[in-house]
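Per-entry structural report
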Amino acid sequence: MSLCKWVSFLLIIHLLSSSQISSSSPLTSNGFSQIPPKFLALAKRNDFYEWMVGIRRRIHENPELGYEEVETSKLVRTELEKMGVSYKYPVAVTGVVGYVGTGQAPFVALRADMDALPMQEMVEWEHKSKVPGKMHACGHDAHTTMLLGAAKLLKEHQDELQGTVILVFQPAEEGGGGAKKIVEAGVLEDVSAIFGLHVTNQLGLGLVSSREGPLLAGSGFFEAKISGKGGHAALPQHAIDPILAASNVIVSLQHLVSREADPLDSQVVTVAKFEGGGAFNVIPDSVTIGGTFRAFSAQSFTQLKKRIEQVSSLRLLSSF
């Protein structure tokens, strides 16, 4: 079974109240409702599958970066209008928030991100990105499609809902703080629970995985300009080499996790940006380094942020 079918099914089964399940759908011998198989059968329809594949390919071919998701959000709105699903737009700049159900509590939200990454797609195939330097390398094209699929199934069976499903099409997940803007917009104020899925190439087709406890880390970004004194590479004694200084900072940053963090408390510090110099034989005046840090708890996140600042005197750009 395709991943799109599976994920739409899983998003749906959370949305029917216990009273609805007990009154209209008998339980099997192991205590599970018959509703999940019902929605699974609906998601397996050939027309439904082909529609989702087509949506995903259109989004993949036309990737847009954070807060630039103009055409993507237009596609989302067009499909919601075809379904008869009401929505708000714009939310958080380019976001879309739809509503299915009674309009009353309980409110349950389903969330998908829409933005792409500033990367060149190198794989040659029929539906390759048409935008140079941009591609959906993180699966947000699939996430948006999954949420549209869930919206379609929910709308077709709206009378069975005992509350309201809020459909959150979030912009700018890739470092733009789109989730924060969604929260600040107030669309989640009455939400009792929110669900989302992320595609992965680490599981086989048709498999879905989860676990108890935190699953995704909070992340922050840092950047620093390290200044020295430029000079000729043959006369390093007359220069103050910022590349060497930056290299020492990077090594020290790696020690924050390997030598200071609890091995059972997952944390990550990654320096992914190192820019400086333009010639083989010239020591530059300055270099710029930057990266990301992640932790599962607020306490660990705050401590990691503090230590990064202390070790490298970096100016943190943002954190969320």
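Note: the structure precedes this text.
Here's a quick rundown of the structure. (Residues numbered from 1 in each chain as written. Predicted model: local features only at pLDDT ≥ 70, side-chain atom pairs only at ≥ 80, totals over all residues. Heavy atoms only, no water.)

Looking at the pairing of strand 3 (residues 107–113)
- Burial analysis of strand 3 places six of its seven residues in the buried class, the great majority of the element.
- As paired strands, strand 3 and strand 4 (residues 164–170) are joined by seven bridges and run parallel to one another. Of the residues in strand 4, the one forming a bridge with Arg111 is Val168.
- Each parallel crossover has a hand, and for strand 3 linked through helix 6 (residues 140–156) to strand 4 it is right-handed.
- Pairing of strand 3 with strand 5 (residues 191–195), which is carried by four bridges, proceeds in the parallel orientation. (Buried < 20%, exposed > 50% of the residue type's maximum accessible area, 1.4 Å probe, protein only. Helix = DSSP H or I, 4+ residues; strand = E, 2+ residues; numbered from the N terminus. Pairing = 2+ DSSP bridges. Right-handed = clockwise from strand over helix to strand, strands pointing away.)

Here's the deal with the pairing of strand 4
- Burial analysis of strand 4 places seven of its seven residues in the buried class, which makes it a mostly covered element.
- Burial of strand 4 is two-sided: the residues Thr164, Ile166, Val168 and Gln170 facing one way and the residues Val165, Leu167 and Phe169 facing the other way are all buried.
- Bridging between strand 2 (residues 95–101) and strand 4 involves six bridges; their strand directions are antiparallel. By the bridge assignment for strand 4, Tyr99 is matched with Ile166.

Considerations on the sheet that holds strand 4
- Spatial strand order, 1-2-4-3-5: five strands in an open sheet with mixed pairing. Bordering the open sheet on either side are strand 1 (86–91) and strand 5, each of which pairs with just one other strand. Between one strand axis and the next, the sheet turns by 20° as a mean value, whatever way the strands run.
- Along the sheet face, helix 6 touches strand 2, strand 3 and strand 4 and points at about 150° away from the line of strand 3. (Axes fitted to C-alpha atoms, helices over the stretch in contact; angles between N-to-C directions. Contact = heavy atoms within 4.5 Å.)

Looking at the side chain of His143
- Counting through the fold element by element, His143 comes out in helix 6.
- Taking relative accessible area as the criterion, His143 reaches 3% and is therefore assigned buried.
- At a separation of 2.7 Å, a polar atom in the side chain of His143 contacts the side chain of Asp113. (Polar contact = N/O pair within 3.5 Å; in protein donor to acceptor, adjacent residues only side chain to side chain.)

Structural notes on the pattern of salt bridges
- Following the criterion strictly, the structure yields eleven salt bridges and no others.
- Of the charged contacts in the structure, one is a salt bridge between Arg111 and Asp113, with a shortest N-O distance of 3.4 Å.
- Taking the relative accessible area as the measure of exposure, Arg111 reaches 26% and is therefore partly exposed.
- Classification of Asp113 by relative accessible area gives buried; the value is 1%.
- In this structure, Arg307 and Glu260 form a salt bridge, with 2.7 Å as the shortest nitrogen-oxygen distance. Taken together, the positions of Arg307 in helix 9 (residues 298–312) and Glu260 in helix 8 (residues 242–260) put the pair 47 residues apart, joining distant regions of the chain.
- Through salt bridges with shared partners, a single network forms among Arg45, Asp47 and Glu156. (Salt bridge = Lys/Arg side-chain N within 4 Å of Asp/Glu carboxyl O.)

Regarding helix 6
- Here helix 6 is 17 residues long and its end C-alpha atoms lie 24 Å apart, about the 24 Å a rise of 1.5 Å per residue gives.
- Burial of helix 6 is extensive: 14 of the 17 residues sit out of reach of the surface. (Expected span 1.5 Å × (residues − 1).)

Digging into unusual backbone geometry
- Between Tyr89 and the following residue, Pro90, the backbone shows a cis peptide bond with an omega angle of -5°.
- Residue position: Pro90 is located in strand 1.
- Here the residue pair Ala105 and Pro106 is connected by a cis peptide bond, since its omega of 0° sits within 30 degrees of zero.
- Mapped onto the secondary structure, Pro106 falls in the loop between strand 2 and strand 3.
- Despite not being glycine, Ala92 has its phi angle at roughly 55°, a positive value.
- In this fold, Ala92 is placed in the loop between strand 1 and strand 2.
- For Ala172, which is not glycine, the phi dihedral falls at a positive 50°.

As for the packing of helix 5 (residues 70–83) against helix 6
- Two elements in contact, helix 5 and helix 6, have axes whose closest approach is 10 Å; the angle formed by their N-to-C orientations is 10°. Between helix 5 and helix 6, the angle is such that the two are roughly parallel. Contacts between helix 5 and helix 6 involve Leu75, Val76, Glu79, Leu80 and Met83 on the former and, on the latter, Thr144, Leu148, Ala151, Lys152 and Lys155.
- In terms of residue class, the contact of helix 5 with helix 6 is made up of six nonpolar, one polar and three charged. (Parallel < 35°, antiparallel > 145°, perpendicular 65-115°, else oblique. Nonpolar A, V, L, I, M, F, W, Y, C, P; charged D, E, K, R; others polar.)

As for helix 4 (residues 46–61)
- With 16 residues, helix 4 extends 23 Å between its outermost C-alpha atoms, agreeing within 8% with the 22 Å of an ideal straight helix rising 1.5 Å per residue.
- The complete set of buried residues in helix 4 reads Phe48, Trp51, Met52, Val53, Ile55, Ile59, His60 and Glu61.

Side note on the packing of aromatic side chains
- Applying the stated criterion to the full structure yields two aromatic pairs.
- With 5.9 Å between their ring centres and 45° between their planes, Phe48 and Trp51 make a pair best called tilted. Of this pair, Phe48 and Trp51 both sit in helix 4, three residues apart, roughly one helical turn. With respect to class, Phe48 is no different from Trp51; both count as buried.
- It is Arg77 that lies over the ring of Tyr89; its NZ or CZ is 3.8 Å from the centre.
- Lying across the ring of Trp51, Lys152 places its NZ or CZ 4.9 Å from the centre. (Phe/Tyr/Trp six-rings, centres within 6.5 Å; stacked < 30°, edge-to-face > 60°. Lys NZ or Arg CZ within 6 Å of the ring centre and 35° of its normal.)

These figures capture arrangement, not role.
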